[in-house]
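Chains, contacts and geometry: an overview
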Amino acid sequence: MHTQRQLTLPSPAKLNLFLHINGRRADGYHELQSIFQFLDYGDELSFRLRDDNQIELQPALNGVPNEHNLIVRAARLLQERTGCELGANIQLNKILPMGGGLGGGSSNAATTLVALNHLWQCGLSLHDLAELGLVLGADVPVFVLGEAAWAEGVGERLTPMPDLEENWFVVVIPNCHVDTAKVFSHKDLTRDTPKCKISAALRGEGRNDCETVVTNIYNEVYNSLNLLKKFGSARMTGTGACVFLEKSSKEKADTVLANIPANVNAFLAKGLNHSPLHKALN
């Protein structure tokens, strides 16, 4: 039987189109509501099958030992769960910022689970992989399942939203790394936003509850948000640092991008309801 030996797949970014924090649980995690949508922009991962059980990742990320990297942890978790004795050489082409709120690490973990499940022929369903991914982080399941979604709980209760407008986004990457734990444990964080309905969020009634805390701590985020607000209703994604502005057409988004100073790190991307990861695998 022919076994596929290598595979290259995208690891897309996500945006939180809004983020409400409804409460704090006894275990310290926060109950939240959000809408996740993918972008046609992200990292890329290449996998090559190994006949031993070693997991080799290149290049190593600054400040992150390989064994702590979510990519290696995802591969090890899949080996443990399935008893697979194969390994992989993994090459990461990283363009998403760390601590940027675009889900880079979670997306990398999800792409690893999906890719190695395929290469190693583990036979797990996407639902199984999503459950496994939740061990690595609350954002991993949405990337594994690959559908834009309404999220509740800690972000793991997902309702697919296949009919979201696939608009264009101008995304600014402030020059800072936001510490998610610091944001979620901050005394000034709003934790009692009443639950809202999907229809209200789609009318634009949502906001990002983390934004005030983050812009107070990180001047770079504050400045980036103010810059984008000159062109419309901008907001932050996740716990930041990245901020975005939604436009209905590429032309409108291009116009905004053209007016952003050259020294500001920004990019243009299209919103997607179906992850490019699954399109590439199919």
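In the block above lies the structure referred to throughout.
Overview of the structure.

A few words now on the overall build of the chain. Secondary structure summary: the chain contains ten helices and ten strands in total. The C-alpha radius of gyration of the chain comes to 19 Å, within 12% of the 19 Å expected for a compact globule of 282 residues. Taking the principal axes of the C-alpha coordinates as reference, the chain spans close to 60 × 45 × 40 Å. Within the span of the chain, comprising 282 residues, buried residues form 52% of the whole. For the chain, the exposed area adds up to about 13,000 Å²; of that, 48% sits on carbon and sulfur atoms. Treating the 26 positive side-chain charges of the chain as one cloud and the 30 negative ones as another, the clouds have centres 5 Å apart.

The step from Gln58 to Pro59 runs through a cis peptide bond, and the omega angle for that step is -15°. Mapping Pro59 onto the fold places it in the loop between strand S3 (55-58) and helix H1 (70-82). Cis geometry is adopted by the peptide bond preceding Ala241, which originates at Gly240 and carries an omega value of 15°. You can see Ala241 is positioned in the loop between strand S8 (235-236) and strand S9 (243-247). Residue Gln121 is not a glycine yet carries a positive backbone phi of 55°. Within the fold, Gln121 resides in the loop between helix H2 (104-119) and helix H3 (126-134).

Relative orientation of the contacting elements H2 and H3 amounts to 135°, with a least axis distance of 10 Å. Taken together, H2 and H3 sit at an angle that is classed as oblique. Here H2 runs over H3; the crossing is right-handed. On H3, the residues that touch Leu113, Val114 and Asn117 of H2 are Leu126, Leu129, Leu132 and Gly133. Considered class by class, the residues forming the contact of H2 with H3 number five nonpolar, two polar and no charged.

A word on H1. With 13 residues, H1 should reach 18 Å at 1.5 Å per residue; the first-to-last C-alpha distance of 18 Å fits that figure. If you check which residues of H1 are buried, you get Leu70, Ile71, Val72, Ala74, Ala75, Leu77, Leu78 and Gln79. Where the residues of H1 are buried, they touch strand S2 (30-50), S3, strand S4 (87-93), H2 and H3. Capping of H1 at its N-terminal end is provided by Asn69; its side-chain oxygen lies 2.8 Å from the backbone amide nitrogen of Ile71. Just downstream of H1, Gly83 is the residue with a positive phi angle, here 70°.

Across all of its chains, the model carries four aromatic pairs by this definition. Consider the rings of Phe18 and Trp150, whose centres lie 5.6 Å apart with planes at 35°: the pair is tilted. Highlighted residues: Phe18 in strand S1 (residues 6-24) and Trp150 in strand S5 (residues 149-152), separated in sequence by 132 residues. With respect to burial, Phe18 and Trp150 carry one shared label: buried. For the ring pair Tyr41 and Phe267, a centre distance of 3.6 Å and an interplane angle of 5° mean the geometry is stacked. Of this pair, Tyr41 sits in strand S2 while Phe267 is found in strand S10 (residues 266-272), placing the two residues 226 residues apart along the sequence. Accessibility expressed as a relative area gives 6% for Phe267, which makes it buried.

Let us now look at the nonpolar core. Grouped together as the largest cluster of nonpolar side chains are 43 residues, with contacts concentrated most on Leu78, Ile90, Leu113, Leu116, Trp120, Leu136 and Val144. Not counting chain neighbours up to four residues away, the residues in contact with Leu78 comprise Leu113, Leu116, Asn117, Trp120, Cys122, Leu124, Leu129 and Leu132. Grouped together as the second largest cluster of nonpolar side chains are 27 residues, Tyr218, Leu225, Leu228 and Leu245 included.

This brings us to the environment of Leu202. Following the sequence through the fold, Leu202 ends up in helix H6 (residues 198-202). Considering only alpha carbons, one finds Leu202 and Phe18, 184 residues apart in sequence, at a separation of 9.6 Å.

Rules behind the numbers
Residues numbered from 1 in each chain as written. Predicted model: local features only at pLDDT ≥ 70, side-chain atom pairs only at ≥ 80, totals over all residues. Heavy atoms only, no water. Helix = DSSP H or I, 4+ residues; strand = E, 2+ residues; numbered from the N terminus. Rg over C-alpha atoms; globule rule 2.2 N^0.38 Å. Buried < 20%, exposed > 50% of the residue type's maximum accessible area, 1.4 Å probe, protein only. Areas by Shrake-Rupley, 256 points an atom, 1.4 Å probe, with all protein chains shown as cover. Lys, Arg positive; Asp, Glu negative; His and termini not counted. Charge placed at Lys NZ, Arg CZ, Asp CG, Glu CD. Axes fitted to C-alpha atoms, helices over the stretch in contact; angles between N-to-C directions. Parallel < 35°, antiparallel > 145°, perpendicular 65-115°, else oblique. Left-handed = near helix turned anticlockwise from the far one by under 90°. Contact = heavy atoms within 4.5 Å. Nonpolar A, V, L, I, M, F, W, Y, C, P; charged D, E, K, R; others polar. Expected span 1.5 Å × (residues − 1). Polar contact = N/O pair within 3.5 Å; in protein donor to acceptor, adjacent residues only side chain to side chain. Phe/Tyr/Trp six-rings, centres within 6.5 Å; stacked < 30°, edge-to-face > 60°. Core = buried A, V, L, I, M, F, W, Y, C linked by side-chain atoms within 4.5 Å.

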